[in-house]
Structure formats: C-alpha cells, structure tokens
Amino acid sequence: MSVELQGVTVRYGPRAALQDVHLCVQAGRVLGIVGANGSGKSSLVKAVAGLVPSEGRIRVCGHAAGRCKIGYMPQDLQAPMALTVLEVVLLGRLGQLRLRVQPDDLDAVRQVLQRLGLEVLAGRYLNELSGGQRQMAFLAQALVSEPAVLLLDEPISALDICHQLEVLEVVRAMTIERQLCTLIVLHDLNATARFADDVALLRDGRLLAWGAPEQVLTVDNVAAGFDTRAEVLACDDGTRVLVSRQSLRGWVKR
Ligand SMILES: Nc1ncnc2c1ncn2[C@@H]1O[C@H](COP(=O)(O)OP(=O)(O)OP(=O)(O)O)[C@@H](O)[C@H]1O
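Residues numbered from 1 in each chain as written. Predicted model: local features only at pLDDT ≥ 70, side-chain atom pairs only at ≥ 80, totals over all residues.

Enquirer: Could you clarify how one ought to interpret the overall build of the chain in this entry?
Expert: Helix and strand content of the chain: eight helices and twelve strands. Computed over the C-alpha atoms, the radius of gyration of the chain is 19 Å, within 12% of the 18 Å expected from 2.2 N^0.38 for a compact globule of 254 residues. Dimensions along the principal axes, computed over C-alpha positions, put the chain at roughly 60 × 40 × 35 Å. Sequence separation of at least 24 residues holds for 62% of the intrachain contacts in the chain that already meet a minimum separation of 6. (Helix = DSSP H or I, 4+ residues; strand = E, 2+ residues; numbered from the N terminus. Rg over C-alpha atoms; globule rule 2.2 N^0.38 Å. Contact = placed C-beta atoms within 7 Å.)

Here's what the structure looks like:
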C-alpha cells in the first residue's frame, strides 16, 4: 500500500496552489508536510483525499484519489454542535454503519477514545469542550474509520505540549500497527523532525525538499522555505533542535 503523487498540480481558478509535486508515502510510514502559510500543504492533503480536483496522477493504495478508505481530519473543524463526543466519533464509522449501530462500531469508538484518553468526555457536547478537546474528538473520528490512509491537517495546533506529544505518539504507533500511510501537516518543525519518517517541505506550491527529517530540515532549507534564519542545537541525547533566530524579510522593524 502506498500514496503516490506524480506531477500533481492543484488550481483554484487560474492560480496554482500546488505545482508539479512528486511524492510517495509507503505503508507504515509518516510523512510530515511543512511549509509557510499558503505554501499548499492543505491543498496537497485535499488532493489526496479527492476533495479538490487535481492534474497529474494520484494513486492511493493503487486507486485514483478518493476511492480508498481515508481518515481525514481537516484544518477547519466545523461540526453540528448538538452532538456528543461519542456521536461525533461514531460518525467516523459512517462507511460501516448499518441501520442499527452494531456492538463492533461502539467497541471501535470506545477503543479509540481510550487510546486518546477521551473516555471521560464521551458524553459531553462538542460546544461544551475546549478547542483542544474538540480537536482531539475530531482526531478520534478520523482514526475510528479504520482507514488505509490517514490525512491529518494540523491536528495538534490547539493542543498543549503534553497532548501534542501523546497525539503524535498515538498517530505514529497506529501508523505502524495498522500499516497506514499517514500524511500529517505540522507547523512545529521540531515535532515533525521527531515524529515523521520523511518530511516534505513546500514553498509557493512547489516541493522544495523531500526526504529524511535531517536532510530536509536544514538551516538552508528553513531559510529558503520560511525566510527565517535558524540555528541547529545539539541536545545531550543526540537529537537536534531547530531554533528560529531571525526573520529574513525586510519589512520586520527592529
Ligand atoms: N478555496 C480556495 N480558493 C482559492 N484559493 C485558495 C483556496 N484554498 C486555498 N487557496 C489558496 O491556495 C494557496 C495554498 O493554500 P493552502 O490552504 O493549501 O496553504 P497551506 O500551506 O495549507 O496554508 P496554511 O499554513 O496557512 O494553512 C494559498 O495561496 C491560498 O490562498
């Protein structure tokens, strides 16, 4: 199983948001997608989900985009608020649901709620939750569908550092256990370096770099991708941490 993009372009009207992107994600691996605001990250993920038309070739588990079982968590989380967390997560089983909710559907929901530490919220209404709790409920919805491909668009943007770590650990563990192809959009470059097997760096819709985190998240690529001067610091345990030092854009006053 794999997700393959060959020469993929996404246009909104005459403007290309993504241009001629070539990528591949194998089963059991996490691809971190990074890039500046507006660089085309969400457009890439939506193209794989079959939610926006694209040119070029996208193969998802051997099929055209949109024809394989996909768990998708969008960046903008809009939902009918008169639903409980359990109901929202159950909606992730829509593909499997029959006229009556079966025990295995409820089991799957309970398991994913437990995995994310959300059991205590199961009966709570979405509009009574914090932004981070709501974000975790939607992550649970994406995971419960038992997808072959997991597409997560900024799934930790509202989470505290502890929940960020836990969520990324769960995503990585489930990717390996279930041999998923996981594409995850993140703004945190250090979290990406730590949790992704491969990283794709986009700039103005083009793929600037793709490969192992230490090859992609270099000082030069960060400058080219984000107009930011960064520094790499070595930690005691051998890991590297990127620290942004200075915007390289002229309009920032000092
Ligand atoms: N529905 C749309 N109609 C027209 N233009 C769009 C639409 N969606 C996105 N765009 C444009 O396409 C480009 C890429 O947008 P996209 O949302 O893919 O970027 P992104 O990298 O996910 O950004 P961010 O980090 O801010 O979420 C941007 O210039 C954006 O303005």
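On we go from here.
Enquirer: What exactly am I supposed to notice about the sheet that holds strand β10 (residues 206–211) here?
Expert: By way of backbone hydrogen bonds, the strands of a sheet pair with one another, either parallel or antiparallel. Sheet architecture is open: six strands sit in the order β6-β7-β8-β3-β9-β10, paired in mixed fashion. Strands at the two margins of the open sheet, each flanked by one partner only, are β6 (70–73) and β10. Pairwise comparison of adjacent strand axes, ignoring direction, gives a mean angle of 15 degrees for this sheet. Running at roughly 170 degrees to β6, helix α4 (residues 131–144) makes contact with β6 and β7 (149–153) of the sheet. (Pairing = 2+ DSSP bridges. Axes fitted to C-alpha atoms, helices over the stretch in contact; angles between N-to-C directions.)

Enquirer: Hey, could you run me through the site of the ligand in this one?
Expert: Close to the ligand lie Tyr12, Ala17, Gly35, Asn37, Gly38, Ser39, Gly40, Lys41, Ser42, Ser43 and Gln75. Ranked by the residues each element gives to the shell around the ligand, the list is headed by helix α1 (residues 41–49), at three residues. Within the shell around the ligand, the residues separate by chemical class into two nonpolar, eight polar and one charged. (Near = placed C-beta within 6 Å. Nonpolar A, V, L, I, M, F, W, Y, C, P; charged D, E, K, R; others polar.)

Enquirer: Could you clarify how one ought to interpret the nonpolar core in this entry?
Expert: Across soluble globular proteins, nonpolar side chains have a tendency to be buried as a group. Ranked by size, the top nonpolar core spans 72 residues in total, and within it Val48, Val89, Ala140, Val149 and Leu151 carry the most contacts. Counting residues per element, this core draws most heavily on α4, which supplies eight residues. The contacts of Ala140, once residues within four sequence positions are left out, are Val89, Val112, Leu113, Leu116 and Leu118. (Core = buried A, V, L, I, M, F, W, Y, C linked by C-beta atoms within 7 Å. Buried ≥ 20, exposed ≤ 12 C-beta atoms within 10 Å, placed from the backbone.)

Enquirer: Just checking my understanding: could you explain the sheet that holds strand β1 (residues 2–12) for this structure?
Expert: Across the sheet, four strands lie side by side as β2-β1-β4-β5; this open sheet has antiparallel pairing. Each edge of the open sheet carries a strand with a single partner, namely β2 (15–26) and β5 (63–64). When β1 meets β2, the two strands line up antiparallel, connected through eight bridges. By the bridge assignment, Val3 is partnered in β2 with Val25. Contacting β1, β2 and β4 (55–60), α1 crosses the sheet at an angle of about 65 degrees to β2.

Enquirer: Could you clarify how one ought to interpret the pairing of strand β9 (residues 198–203) in this entry?
Expert: Note on strand geometry: in a regular strand, side chains alternate between the two faces of the sheet. Within β9, five of the six residues are buried, which leaves the element mostly enclosed by the surrounding structure. In this structure, strand β3 (residues 29–35) lies alongside β9, joined through five bridges in parallel fashion. For Gly32, the partnering residue across the bridge sits in β9 and is Val199. As judged from the five bridges shared by β9 and β10, these two strands associate in the antiparallel manner. The residue of β10 that forms the bridge with Arg203 is Arg206. Counting the residues between successive antiparallel strands, the hairpin from β9 to β10 contains two residues, one of them, Asp204, with a positive phi of roughly 50 degrees.

Enquirer: Can you walk me through the packing of helix α3 (residues 103–115) against α4 in this structure?
Expert: For the pair α3 and α4, the least separation of the axes is 9 Å and the interaxial angle reads 130 degrees. Taken as axis vectors, α3 and α4 run oblique relative to one another. Judged by the twist between their axes, the crossing of α3 over α4 is right-handed. Seen from α3, the contacting residues are Ala108, Val109, Val112 and Leu113; seen from α4, they are Ala140, Leu143 and Val144. Looking at the contact of α3 with α4 residue by residue, the classes come out as seven nonpolar, no polar and no charged. (Parallel < 35°, antiparallel > 145°, perpendicular 65-115°, else oblique. Left-handed = near helix turned anticlockwise from the far one by under 90°.)

Enquirer: Explain the environment of Val171 here, please?
Expert: Counting through the fold element by element, Val171 comes out in helix α5 (residues 161–177). For the pair Val171 and Leu23, spaced 148 residues apart in sequence, the C-alpha separation works out to 20 Å. Setting aside residues up to four positions removed in sequence, Val171 forms contacts with Val30, Leu152, Thr182 and Ile184.

Enquirer: What am I meant to see in the confidence of the model for the chain here?
Expert: Any residue range with low pLDDT should be treated as having predicted coordinates unsuitable for detailed reading. Mean pLDDT over the chain stands at 91; residues scoring 70 or higher make up 96%. Interface scoring of the predicted complex returns ipTM 0.99; its pTM is 0.94. (pLDDT = per-residue confidence, 0-100.)

Enquirer: In this structure, what is going on with the environment of Val89? I would like to understand it.
Expert: With respect to the secondary-structure elements, Val89 resides in helix α2 (residues 85–91). C-alpha separation for the pair Val89 and Pro53, spaced 36 residues apart in sequence, amounts to 28 Å. For Val89, the residues in contact, after removing those within four places along its chain, are Val109, Val112, Leu113, Ala137, Ala140, Gln141 and Val144.

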